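Coordinate inspection notes
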Amino acid sequence: MKELSVVGGGVIGLAVAWRASARGHRVTVYDPDPGRGASWLAGGMLAPVTEAWPGEEDVLTLGEASLRRWPDFARDLAKEGVDPGLSPHGTLVVALDGADAGNLEMLAAYLTELGREVERLTGREARRTEPGLASTVRSGLLVPGDLAVDNRRLLRALKHACDERGVAFRHETVTELEHLDGDVVLAAGAWTGRLHPALADAVRPLKGEILRLRPRRGCLPPPVRTVRAMVEGRPIYLVPREDGQLVLGATQYEAGFDETVTVRGVRELLEGAERVFPGITEYELVETAAGLRAASVDTMPFIGELGEGVFAATGHHRNGLLMAPLTADAAVAWLDGGPLPDEVAAATPARRSEERV
C-alpha cells in the first residue's frame, strides 16, 4: 500500500482517488470544494468521434480508448452506491447553411475514412429523428457510438465512492508540493500550470459559459440525444438530462482566470440555440455559469510522470469527463509501478521537452 496525494477534486482527481483507493492505497484529495469547478459545469458529452478533426488523430485515439472504458467504469461506479447516469443515445450534428453542410460532409468523409460509424441525414430525416429541430436545418450526421453522462450525478457518484473507500479530503488550496505525503497526482485543471515548472507554460485556462434550461408546461420536450451545431462559426450543443433539464453550451474564449458570466455569452448561446431548436425560447432559464477548462498547448492532455513521485493528469481541454477512466487507469498503473496504457503514450509530458529541443 502506498500513500497518494491527489491535487484537485474534479472529475479527474476524484476518478484517480477512487480507483487508487479501490486498489488498497491510502489517498488524500486536496481541493477547497471537491466535486465542483469546471467538472460541475461540463456538458457531459462523451463524444470523441464527433469532436474529431483532421490533424488531431492522437486526440481521437485517446478519446476512443477512454470511451471504450466508460461502460465498465459506470457500472463499477454504480456498484459503489450511486449511478452516474450514462446515456447511450448518441449525437446528432446538424448544419444550418451551405457552409455548415460542407463542413459536415468533410467531417463525415473523414470519419468514414477512419472506419467510424456515421449516418448522413437530410434535413427532413434529421427533423424526423429530433422533431424539435428548426425547419432551416439542411442536413445532419448521426453518430450512434457517442455517449453522454450527467456530470453532476457523476461527481456525486465519485465523491460517494471515494467516501466509501476511505479517501481523506483536505479542503485547502495547494500552492506547493513539498508538504504533501507520498506520491502526487496533479489534477488541478486550469490551475495545474502553477504547481510544476514543467507545466507552467503548457496548461492555461479557457473560459466557457453554460446555461441550464427547463421546459415549462406545454413546451416541446428537449431532444432525446445530444444535438450539436455550428451557428455563424460558433459551436452550440444541447445535452438533455434525465430530470428534464437541458444543458446549453458552450462559449469558448481566452479570458485568463475570469469566471464571470457575460451578457454577450448568454445572448450568443440563446440566439444560437434558438436557431437550432426554436422551442427553447419558451423554456425556463434555470442557471447561468462559467467555468475554466484546462487547455493544453496542442489540445492533447498531459498524462504521465513529471519527475520522481509526481504524475500529471491535466490539460484535458473539453474532454475531461470523456478521458477520466483512461487517465485514472494510467495514474493507478504508475502508482503500482506497472506500464501505462499504450494509448497515453502520445500524451506524455516529455513531449514538451522534445519540442523545445
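Per an unreviewed UniProt entry, the protein chain goes by glycine oxidase and derives from Amycolatopsis umgeniensis. Of the protein chain, the UniProt comment under Catalytic activity (unreviewed entry) reads exactly: "glycine + O2 + H2O = glyoxylate + H2O2 + NH4(+)". Regarding the protein chain, the relevant UniProt record gives this comment under Pathway (unreviewed entry): "Cofactor biosynthesis; thiamine diphosphate biosynthesis."

**Focus: unusual backbone geometry**
Residues Gly249 and Ala250 are joined by a peptide bond in cis, for which omega reads -15 degrees. Inspection of the secondary structure puts Ala250 in the loop between β14 (246-249) and α8 (263-276). A positive phi angle is found at Thr299, which is not glycine, with a value near 70 degrees. Structurally, Thr299 can be placed in the loop between β15 (284-296) and β16 (302-307). With phi around 60 degrees, His317 is a residue other than glycine that occupies positive phi space. Along the chain, His317 falls in the loop between β17 (310-314) and α9 (320-335). Note on His317: relative accessible area 13%, which makes it buried.

**Quick notes on the sheet that holds strand β11 (residues 203-214)**
Taken in spatial order, the eight strands make up an open sheet running β6-β7-β5-β12-β13-β14-β11-β15, and their pairing is mixed. The strands lining the two open edges of the sheet, one partner per strand, are β6 (119-122) and β15. Taking each pair of neighbouring strands and ignoring which way they run, the sheet shows an average axis angle of 20 degrees. Taken together, the five bridges between strand β5 (residues 91-95) and strand β7 (residues 139-143) define a ladder with antiparallel strand orientation. Its bridge partner being in β7, Val93 is matched across the sheet by Leu141.

**Here we look at empty space enclosed by the protein**
Summed over the entire model, instances satisfying the criterion amount to two cavities of 30 Å³ or more. Around the largest cavity, the lining residues are Pro48, Glu51, Ala52, Glu56, Val59, Leu60, Gly63, Arg318, Asn319, Leu322 and Met323. Looking at the lining of the largest cavity, the elements that each hand over two or more residues are α3 (48-51), α4 (57-79) and α9. Ranked by residue count, the leading element in the lining of the largest cavity is α4, at three residues.

**Description of the domain arrangement of the protein chain**
In many reports, interface size means the accessible area that the parts give up when they come together. Here the protein chain is partitioned into domain 1 (3-84 + 149-202 + 297-355) and domain 2 (88-146 + 205-296). Just the C-alpha atoms count here: the centres of domain 1 and domain 2 sit 26 Å apart. Each partner contributes to the interface: domain 1 provides 41 residues, whereas domain 2 provides 35 residues. Counting each side, the surface lost to burial between domain 1 and domain 2 is near 2,900 Å², with a carbon and sulfur contribution of 58%. Of all residues in domain 1, Leu41, Thr50 and His317 bury the most surface against domain 2, accounting for 22% of the area lost on that side. Counting across the domain 1 and domain 2 interface gives four salt bridges. Residue Glu64 pairs with Arg116 through a salt bridge whose shortest N-O separation is 2.5 Å. Connecting domain 1 to domain 2 are 13 residue pairs in polar contact (both at pLDDT 80 or more). Breaking the side of domain 1 that touches domain 2 down by element, the ones donating at least two residues are β3 (45-46), α3, α4 and α7 (151-164). Taken together, the residues that form the side of domain 1 that touches domain 2 break down as 21 nonpolar, 10 polar and 10 charged.

**A word on α7**
Helix length check: α7, at 14 residues, gives a terminal C-alpha distance of 20 Å against a target of 20 Å (1.5 Å per residue), a fit within 8%. Regarding α7, the residues found buried are Asn151, Arg152, Leu154, Leu155, Ala157, Leu158, Ala161 and Cys162. In the stretch just after α7, Gly166 is the one whose phi turns positive, near 85 degrees.

**Section: the nonpolar core**
The biggest cluster of nonpolar side chains holds 62 residues, and the ones touching the most others in it are Leu154, Leu158 and Val185. Take this core: its biggest share by element is 11 residues, from α9. Residues from two domains meet in this core; each of domain 1 (3-84 + 149-202 + 297-355) and domain 2 (88-146 + 205-296) gives at least three. Excluding residues within four positions of it along the chain, Leu158 makes contact with Val11, Leu14, Ala15, Trp18, Phe73 and Leu77. Counting 25 residues, the second largest nonpolar core, distinct from the first, contains Leu92, Leu96, Leu246 and Leu269.

Parameters and conventions
Residues numbered from 1 in each chain as written. Predicted model: local features only at pLDDT ≥ 70, side-chain atom pairs only at ≥ 80, totals over all residues. Heavy atoms only, no water. UniProt positions renumbered as here; feature names shortened; annotations may be inferred. Helix = DSSP H or I, 4+ residues; strand = E, 2+ residues; numbered from the N terminus. Buried < 20%, exposed > 50% of the residue type's maximum accessible area, 1.4 Å probe, protein only. Pairing = 2+ DSSP bridges. Axes fitted to C-alpha atoms, helices over the stretch in contact; angles between N-to-C directions. 1 Å grid on protein atoms, 1.4 Å probe; cavity = no way out; pocket = protein on both sides within 12 Å on 5 of 7 lines; lining within 4 Å. Points joined across faces, edges and corners; volume = space filled by probe spheres on them. Domains from an automatic or database assignment. Contact = heavy atoms within 4.5 Å. Buried area = accessible area lost by both parts, 1.4 Å probe. Salt bridge = Lys/Arg side-chain N within 4 Å of Asp/Glu carboxyl O. Polar contact = N/O pair within 3.5 Å; in protein donor to acceptor, adjacent residues only side chain to side chain. Nonpolar A, V, L, I, M, F, W, Y, C, P; charged D, E, K, R; others polar. Expected span 1.5 Å × (residues − 1). Core = buried A, V, L, I, M, F, W, Y, C linked by side-chain atoms within 4.5 Å.

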